[in-house]
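# A closer look at the structure
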Amino acid sequence: MGPGSHHLSLGLSVSSLGLLLLLPLLPECLGAEGRLAHKLFRDLFANYTSALRPVADTDQALNVTLEVTLSQIIDMDERNQVLTLYLWIRQEWTDAYLRWDPDTYGGLDAIRIPSSLVWRPDIVLYNKADAQAPASASTNVVLRHDGAVRWDAPAITRSSCRVDVSAFPFDAQRCGLTFGSWTHGGHQLDVRPRGAAASLADFVENVEWYVLGMPARRRVLTYGCCSEPYPDVTFTLLLRRRAAAYVCNLLLPCVLISLLAPLAFHLPADSGEKVSLGVTVLLALTVFQLILAESMPPAESVPLIGKYYMATMTMVTFSTALTILIMNLHYCGPSARPVPAWARALLLGRLARGLCVRERGEPCGQSRPPEPPPSPQPPDRGTGPPAGPCHEPRCLCRQEALLRHVATIANAFHSHRAAQRRHEDWKRLARVMDRFFLGIFFSMALVMSLLVLVRAL
């Protein structure tokens, strides 16, 4: 073993010996900071009171900086118009009686003490909707050597919020949270926000609402009870509803039902289901309307989806009433009067060609020209043999009687054909009206549905 190895062994021995000598002194070094903190605490609070505003000059206003962090939207109660939030609230101010020199206390520049030991500003939520008294969170405050106090406390707030559901389910809401001192005016305590908006860095996404922002605004108001001004800070929560669930559960069924209702005009009148379809659609819309009314708050403005439901129900009601009238036209019997001339020319002529309503075997765009019913022709007696007793063996008077019977049968046949023709004209008029109102009501339902669905995009 060479000389270098002897020197290395000697150095390790000296280092081990020094470490062994310092180990008994280590607890005393680590406990020195704790003893200095206790001494600092006793010195600061020997003659301190938390009942008075901590300013050196009583005419001087104490500045309080307010910072809010939105953590979660717990509930938005539209019916009771109450917004429940989980917030982190930070308040900072300067206490003139809690200052020290860090060099005197071993470089100790900050301590953490219970918040109940120091003076705290009486900042409350003005528009709270909770009947319980506000409870202060039992969290510590961070006290710095220059007197700066920082108090971070979580809070669950229930605030009143005017909910406007006129555009439901595509609505956006603005809910304000106003913070201010309850007893100190602007000459004693001045509240200011930190930054232009609340922090959303730790926000937990909500399943029903998008958060667009939470800007802050400071106001100075004078109330009727007091002459001095009162400053406050209002954080406005900007929300927009996630409409996907409402579109799938409430809007799309109504759109499909409204598009199904005009098809009652396309059903054959002999099926017997035209009126039943309209009544069934009306009942289905009534059920959806009741479901919607249960979730909506009572308000003067009717929601957009409610207006759509009412318009659709009105359309279905009118279509059902028109279906009943058209069925009366269809079932006009052979004893009915002929179709009026104006209806024959306008409806059975031009409108039937325009709507392509034709009889079986008739090409589209061409209508059968109306045929007036033939008038019965009585037999001409002037050309026949004179009446009187027949003395000839082959008498013609029997032929005259036979001709009268044939004329009677022909007249009955022509009357029956004319009655059938009138009946067919009324049935064809009913088909023309069905086709016309099918296009009208289907267009109305389609336009209303598109106007509502465009709001979802």
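Just above, that's the structure.
A short tour of the structure in this document, coming up.

About the thresholds
- Residues numbered from 1 in each chain as written.
- Predicted model: local features only at pLDDT ≥ 70, side-chain atom pairs only at ≥ 80, totals over all residues.
- Heavy atoms only, no water.
- Pairing = 2+ DSSP bridges.
- Helix = DSSP H or I, 4+ residues; strand = E, 2+ residues; numbered from the N terminus.
- Axes fitted to C-alpha atoms, helices over the stretch in contact; angles between N-to-C directions.
- Expected span 1.5 Å × (residues − 1).
- Buried < 20%, exposed > 50% of the residue type's maximum accessible area, 1.4 Å probe, protein only.
- Patch = residues over 30% accessible without salt bridge, like charges linked within 9 Å, V, L, I, M, F, W, Y side chains within 5 Å.
- Areas by Shrake-Rupley, 256 points an atom, 1.4 Å probe, with all protein chains shown as cover.
- Salt bridge = Lys/Arg side-chain N within 4 Å of Asp/Glu carboxyl O.
- Phe/Tyr/Trp six-rings, centres within 6.5 Å; stacked < 30°, edge-to-face > 60°.
- Lys NZ or Arg CZ within 6 Å of the ring centre and 35° of its normal.
- Disulfide = S-S within 2.5 Å.

### Details of the sheet that holds strand β6 (residues 148-160)
Strand pairing in a sheet is mediated by backbone hydrogen bonds. Such pairs are either parallel or antiparallel. Here we have 6 strands laid out as an open sheet, ordered β3-β5-β6-β2-β1-β8, and mixed in their pairing. Single-partner strands in this sheet number two, and they are β3 (110-114) and β8 (189-193). Direction aside, neighbouring strands of the sheet carry axes that sit 30° apart on average.

### With respect to helix α6 (residues 341-355)
If you check α6, its first and last C-alpha atoms are 19 Å apart, about what 15 residues at 1.5 Å a residue would give, namely 21 Å. Ala343, Leu347, Leu348, Gly349 and Ala352 are the residues of α6 that are buried. At the C-terminal side of α6, cysteine 356 shows a positive phi close to 60°.

### What to know about unusual backbone geometry
In this model, phenylalanine 168 is joined to proline 169 through a cis peptide bond whose omega is 5°. You will see that glutamine 81, though not glycine, has its phi angle at about 55°, which is positive. Relative to the elements of secondary structure, glutamine 81 occurs in the loop between β1 (62-77) and β2 (82-94).

### A word on a nonpolar patch on the surface
Taken together, the side chains of Phe436, Ile440 and Met444 make up a nonpolar region of the molecular surface, amounting to roughly 240 Å² of accessible area. Here isoleucine 440 is to be found in helix α7 (residues 397-454).

### A short note on the packing of aromatic side chains
Under the defined criterion, the tally for this structure stands at 11 aromatic pairs. Note on phenylalanine 179 and phenylalanine 235: the rings are 6.1 Å apart at their centroids and 75° apart in plane angle, and the pair reads as edge-to-face. Within this pair, whereas phenylalanine 179 is found in strand β7 (residues 172-181), its partner phenylalanine 235 is found in strand β11 (residues 230-241), the two being separated by 56 residues in sequence. When its relative accessible area of 2% is taken as the criterion, phenylalanine 235 is described as buried. A centroid spacing of 6.3 Å and a plane angle of 50° characterise the contact between phenylalanine 437 and phenylalanine 441, whose relative ring orientation is tilted. Of this pair, phenylalanine 437 and phenylalanine 441 both sit in helix α7, 4 residues apart, roughly one helical turn. Taking the relative accessible area as the measure of exposure, phenylalanine 437 reaches 16% and is therefore buried. One aromatic cluster is present, built from ring pairs that chain together Phe265, Phe436, Phe437 and Phe441. Between the NZ or CZ atom of arginine 242 and the centre of the ring of tyrosine 210, over which it lies, the distance is 3.8 Å.

### Side note on the state of the cysteines
The tally for this structure, following the rule as stated, stands at 1 disulfide. Here cysteine 161 connects covalently by a disulfide to cysteine 175, the sulfurs 1.9 Å from one another. Handedness of the cysteine 161-cysteine 175 disulfide follows from its S-S torsion of about -70°: it is left-handed. Taken together, the residues cysteine 161 in the loop between β6 and β7 and cysteine 175 in strand β7 connect sequence positions 14 residues apart.

### Points about the pattern of salt bridges
Close approach of charged atoms lets side chains of opposite charge pair. This structure, assessed with the given rule, holds 13 salt bridges. We note a salt bridge from aspartate 190 to arginine 218, for which the minimum N-O separation is 2.6 Å. A residue pair is termed long-range when its members are at least 10 positions apart, and aspartate 190 in strand β8 and arginine 218 in strand β10 (residues 216-221) qualify at 28 residues. Given a relative accessible area of 11%, aspartate 190 falls into the buried group. A relative accessible area of 31% means that arginine 218 is categorised as partly exposed. Through salt bridges that share partners, Glu78, Asp171, Glu208 and Arg241 make up one connected network.

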